[in-house]
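The lines below spell out each chain.
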There are 4 protein chains.
Amino acid sequence: MTVPTTILGQNQYGKAENRVVKITRDGATHHIKDLNVSVALSGDLDEVHYSGSNANVLPTDTTKNTVFAFAKEQGVESAEEFGIALARHFVDATEPIRTARIRIEEYEWERIDLDGGAAPHSFVRRGQEIRTAQIRYDGTDVQVLSGLKGLTVLNSTDSEFWGYIKDRYTTLKEDYDRILATEVGAVWRHGPAGSPGAESGSGSGSTDTDWNASYGAVKQQMLRTFAETYSLSLQQTLYQMGSQVLGHRPELEEIRFSMPNKHHFKADLAPFGIANEAADGAVYIAADRPYGLIEATVLREGAEALIPPDMTNL
Amino acid sequence: MTVPTTILGQNQYGKAENRVVKITRDGATHHIKDLNVSVALSGDLDEVHYSGSNANVLPTDTTKNTVFAFAKEQGVESAEEFGIALARHFVDATEPIRTARIRIEEYEWERIDLDGGAAPHSFVRRGQEIRTAQIRYDGTDVQVLSGLKGLTVLNSTDSEFWGYIKDRYTTLKEDYDRILATEVGAVWRHGPAGSPGAESGSGSGSTDTDWNASYGAVKQQMLRTFAETYSLSLQQTLYQMGSQVLGHRPELEEIRFSMPNKHHFKADLAPFGIANEAADGAVYIAADRPYGLIEATVLREGAEALIPPDMTNL
Amino acid sequence: MTVPTTILGQNQYGKAENRVVKITRDGATHHIKDLNVSVALSGDLDEVHYSGSNANVLPTDTTKNTVFAFAKEQGVESAEEFGIALARHFVDATEPIRTARIRIEEYEWERIDLDGGAAPHSFVRRGQEIRTAQIRYDGTDVQVLSGLKGLTVLNSTDSEFWGYIKDRYTTLKEDYDRILATEVGAVWRHGPAGSPGAESGSGSGSTDTDWNASYGAVKQQMLRTFAETYSLSLQQTLYQMGSQVLGHRPELEEIRFSMPNKHHFKADLAPFGIANEAADGAVYIAADRPYGLIEATVLREGAEALIPPDMTNL
Amino acid sequence: MTVPTTILGQNQYGKAENRVVKITRDGATHHIKDLNVSVALSGDLDEVHYSGSNANVLPTDTTKNTVFAFAKEQGVESAEEFGIALARHFVDATEPIRTARIRIEEYEWERIDLDGGAAPHSFVRRGQEIRTAQIRYDGTDVQVLSGLKGLTVLNSTDSEFWGYIKDRYTTLKEDYDRILATEVGAVWRHGPAGSPGAESGSGSGSTDTDWNASYGAVKQQMLRTFAETYSLSLQQTLYQMGSQVLGHRPELEEIRFSMPNKHHFKADLAPFGIANEAADGAVYIAADRPYGLIEATVLREGAEALIPPDMTNL
């Protein structure tokens, strides 16, 4: 084959979607962490691309083994802490590896309810949103993004849409009482330790956060703001959600949302002589495709925008 | 084309997956029902197959319109009642239609939690199991199946597996403390009205049941039995679940389960000198494929088995 | 827990979705078979449900091992032959097992095209339909169903729909030139050996068929009939497809189709002053849900209907 | 609600997943283009986020209408040309819109084969890879990315993996004859018009390319290089594919791949006394998760890297 003059650009590799379940026993009471962990490593890896030499390659199989071994040796307090430990390990322990990115999905379980209280070691998967985390470590700094996806919410009123541009191709009728529904995907960035929101004053990487508490508070703030915002556009609701999350969580610098507008169209029952008005409780068609898709970043004033626009869901 | 001597066998048609959302307003407090309704009609339909004459065909588009119109005119108290009304309509109002089968999936929402209590018209999708119902009506009798799918449960102990047949191809080690996890799919059949469990004493079709209460009780009984059964095999757990559901719900005659064994394999950490024993809280690999698949029917003694074996999920 | 008076009904178990890839080498030329094999066994299995005794249970893990061992020892000429060998083994070799059902999906690959011809051991997945097979063996008889799913076809003309019932809920306009598109799911039943279409005259089970040739011919006949039928309804097209397949393939007794009507609605461009007529080449919206769903069996005259109506796809 | 000091960052909106099917008639011979078109617009849109004013918002519904109207008025020669026309329209015709990004998936159909040749207006979906395109227009420049996803390929030999780093967590055995399989996702960037590979010498935007021919040649070059590369690592194969594509297609500047390593593990049949060596034709387990994931960009020397690392698939 001819060899054209080409060069290697950005590259990364690792084992994706390691499905780790960690049970912790506290007598008869068990705790469960259920994660999907993906490893991506970068570094001095030109040669494996150019010649196929694996001398600098830590096999993806080894990265998989490491994930499971760390889950046992270090436990899993939170996706973020677990990811930080893994990222540090891959960079610090393997000379050619310069950067590690760990992405984690977490699936939440709740205890089965028995007459006498919560079951000690029996769980049912909650099945609502998927919690996410991404940790990047370059040998010096740790960047932590947290997030969620698949959180589907709906307001059955308090939403309007009117006053928009009309051009040749506009047929949409203005609406003063519509359903607003979306499936929230969000990624938020934690500030470095020592920033106003951090709980400790030194060191790189905001590694002292109570990640689980922060996650729960962000989710609840999102839900509350979604419910309490009288909406003139999905963009307005999105911005309010971001602004309120940042307003209530000083440990965060930036948040990005991807919110499909899950359209609910009022069924046209007029041909059958049936009124179908929102005010009386209406019947809607929940549409699949196409859908409006609204994406935006909200930043604390003065913060740098570091979440890539194309990152809609971790 | 040559016309071989062939005949038409069982056939049915209709509009599948009508996504109906019904909002009911009670002042500022709204209620939501979110359904996916599929219609299948049978009857005097040979000619549309043989010659393409549509003289006996109620268009699938009309069946769709009917679903939305009924949601408004009759409301949606439960998937079962809604399906019964639809099935009766199609058979009673359209001469060539002799049998109607309505299948419904229901997606549950819960109110968003605000500081002052539950939001009046803001909802978040629960996302746990999908509730199902199937109604068949043949002009005389109504048969109601209820069900659920996607209910994922896990016991982190109290499960063993040993004492099985060993042949040439057996390599599995016996296990005295394993994770037992499954994604429950179940379909249960309601007895006709007048049977011991029915709340009214006459008429065909068990149409007086409190379907929503029955559903909730069946689900809770399944969860409780799953949690409380010390399991020597997934089949034993399945049978206990079915038996307890029938034992506590006199309105039911029969229940069929499809339960994939969601394998959680203990990670092999011995090569790294790390112990990974269940008793100490272990790390598991949650496997995708292949998976054990256990399916069985449990019947009230004397009842007829009417749920088809191939019906694993509605 | 109370133990109500319940009994066990139909039940089966086994390992589902074993992903077997078999490479056969003929010098530098390799051949590939790519299967997804699911095993379901029935028999003397009451006790495992009632008490958890596994004394009659061949573990699903063993059934998995057997699938891979047989792929090596016996090779994979066709999904059907492979399934027959497996089904016979499980019933004949394991006393408590009375019936075995093997379901197989097959994914087809084609050779990568090089300048000098087809690559000897490099393949690209075709990705069109999935081929299916189901084998049932009860110790005496073998029943073979073959099938396919995901075969998406479209006629851009030669389809009409009119002359149907109109009731209160009918709004659909008659159409004299529409797109007809569907995703064919089909299951066909082979007659027993000795029947007119069988190639050998004795023995139970039509095990002498050239399964691969039969499959290819059935698929091609379906496609041809779909293309050549001027359609007044999807039911008519379905029946023609079934009738022609049975007419050309004497080894078959019965075929069942599940054909969603993949609606293509003409885009309404009238508000923009743009004509959009089929005769001039139109623009269509390919809709997702809801969709018409047409299911029917076509039988050779005199044949028994043995494919369950609820079996739409293997 | 308190209003924290936050600002809006990058944002975009539009209608996603418009499923457009365009039939072109040439007498009895019809042609089909089947697209999934997603629109994302940016511009002077702060106010809709801050206050909900839609004065600068072209509704997503209008963008949908425009997609269908353009498909009729302008036809669809290629996804790229169609996307360029749409992107230019949204920016040039709507004052507050400054940037448009159009993403398109294309599904390919082939004619049904009849005895007398190819059917004139009957098609079967190919179902192999999905073709993709992304067009960005900012009022001045057009950037075109083309791509594909879901192209699954497999070499049954000519792949080795050895000589890698071994650490505490390494258990993988070196392999001198393994299956190499991946599902290619790729995005490639066309140079601006006037660059060496462009067919016209002026103007911004490489809008004179024969996009369909370019796409076909890129895909075939990828397949050929995958087949012809004796592989010591998937990274090496990836780089060769990129390098050969750029070497043969002067109109391209840059290509990025996302290639999951679809592991095929040799089944361990030793416990049954069955040899299972690659050299004799082996049986493999096609694994789902986890999987290696290899991502990299290959660039023409001197070209700028403009494809974002996080963009694995359009």
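Computed from a predicted structure; not experimentally measured.

Calculation notes
Residues numbered from 1 in each chain as written. Chains lettered and ligands numbered in written order. Predicted model: local features only at pLDDT ≥ 70, side-chain atom pairs only at ≥ 80, totals over all residues. Heavy atoms only, no water. Core = buried A, V, L, I, M, F, W, Y, C linked by side-chain atoms within 4.5 Å. Buried < 20%, exposed > 50% of the residue type's maximum accessible area, 1.4 Å probe, protein only. Helix = DSSP H or I, 4+ residues; strand = E, 2+ residues; numbered from the N terminus. Contact = heavy atoms within 4.5 Å. Least-squares fit on C-alpha atoms with pLDDT ≥ 70 in both. Expected span 1.5 Å × (residues − 1). Pairing = 2+ DSSP bridges. Buried area = accessible area lost by both parts, 1.4 Å probe. Salt bridge = Lys/Arg side-chain N within 4 Å of Asp/Glu carboxyl O. Polar contact = N/O pair within 3.5 Å; in protein donor to acceptor, adjacent residues only side chain to side chain. Nonpolar A, V, L, I, M, F, W, Y, C, P; charged D, E, K, R; others polar.

Draft legend 1. The arrangement of the nonpolar core in detail. Core analysis: the biggest nonpolar cluster contains 74 residues, and Val37(B), Phe82(B), Val184(C), Trp188(C), Met222(C), Phe257(C) and Ile112(D) have the highest contact counts within it. It is helix α3 (residues 79-93) of chain B that provides the largest number of residues to this core, a total of 8 residues. If we skip the residues at most four places from it in the chain, Phe82(B) touches Leu35(B), Val37(B), Val67(B), Phe70(B), Ala71(B), Gly75(B), Val76(B) and Ile104(B).

Draft legend 2. Focus on the relation of the copies chain C and chain D. With an RMSD of 0.0 Å, the operation that places chain C on chain D is a rotation of 180 degrees combined with a shift of 0.0 Å along the axis. Expressed as a symmetry operation, the mapping of one chain copy onto the other fits a two-fold axis. If distances are taken from each C-alpha of chain C to the rotation axis, the shortest is found for Gly127(C), at 2.4 Å.

Draft legend 3. A look at helix α3 (residues 79-93) of chain A. For α3(A), which comprises 15 residues, the first-to-last C-alpha distance of 21 Å matches the rise-based estimate of 21 Å (1.5 Å per residue) to within 8%. Along its buried surface, α3(A) packs onto β3 (29-43), α2 (60-74), β4 (97-106), β7 (130-137), β8 (142-155) and α4 (211-228) of chain A.

Draft legend 4. How the structure looks around the relation of the copies chain D and chain A. Mapping chain D onto chain A calls for a rotation angle of 180 degrees and an axial translation of 0.0 Å; the resulting RMSD is 0.0 Å. Looking at the interface residues of chain D, 100% of them are also at the interface in chain A, so both copies use one shared face.

Draft legend 5. Representation of the pairing of strand β5 (residues 109-114) of chain C within the structure. All names here are of chain C. Here 5 bridges tie β5 to strand β6 (residues 117-125), and the two strands are oriented antiparallel to one another. Bridged to Glu110 within β6 is Val124. What sits between β5 and β6 in their antiparallel hairpin is a turn of 2 residues.

Draft legend 6. Local environment of the interface of chain C and chain D. Contact residues are listed per partner, giving 61 residues for chain C and 61 residues for chain D. With both sides pooled, the region where chain C packs onto chain D buries about 5000 Å², and carbon together with sulfur makes up 58% of that total. Considering only the surface of chain C that becomes buried against chain D, Arg25(C), Lys72(C) and Leu154(C) emerge as the three largest contributors, covering 13% of it. Taken together, chain C and chain D are joined by 4 salt bridges. Across the pair Asp115(C) and Arg224(D) runs a salt bridge whose closest N-O atoms are separated by 3.3 Å. If you look at where chain C meets chain D, you find 32 residue pairs in polar contact (both at pLDDT 80 or more). Tallied by class, residues from the side of chain C that touches chain D come to 32 nonpolar, 14 polar and 15 charged.

Draft legend 7. Local environment of the interface of chain D and chain A. On the chain A side, the residues contacting the 89 residues of chain D number 89 residues. Buried area between chain D and chain A, both sides added, is near 7400 Å², and the carbon and sulfur share of it is 53%. There are 4 salt bridges connecting chain D and chain A. A salt bridge links Arg168(A) to Glu73(D); the shortest N-O distance between them is 3.3 Å. Put simply, chain D and chain A have 48 residue pairs in polar contact (both at pLDDT 80 or more) between them. Looking at the side of chain D that touches chain A, the elements that each hand over two or more residues are β1 (6-16), β2 (18-26), α1 (46-50), α2 (60-74), β4 (97-106), α4 (211-228), α5 (234-248) and β13 (291-300) of chain D. Sort the elements by how many residues they give to the side of chain D that touches chain A and β1(D) lands first, with 11 residues. Sheet topology note: the strand β13 (residues 291-300) of chain A/β1(D) ladder contains 9 bridges and is antiparallel. Across the sheet, the residue bridging to Leu293(A) is Gly14(D), located in β1(D).

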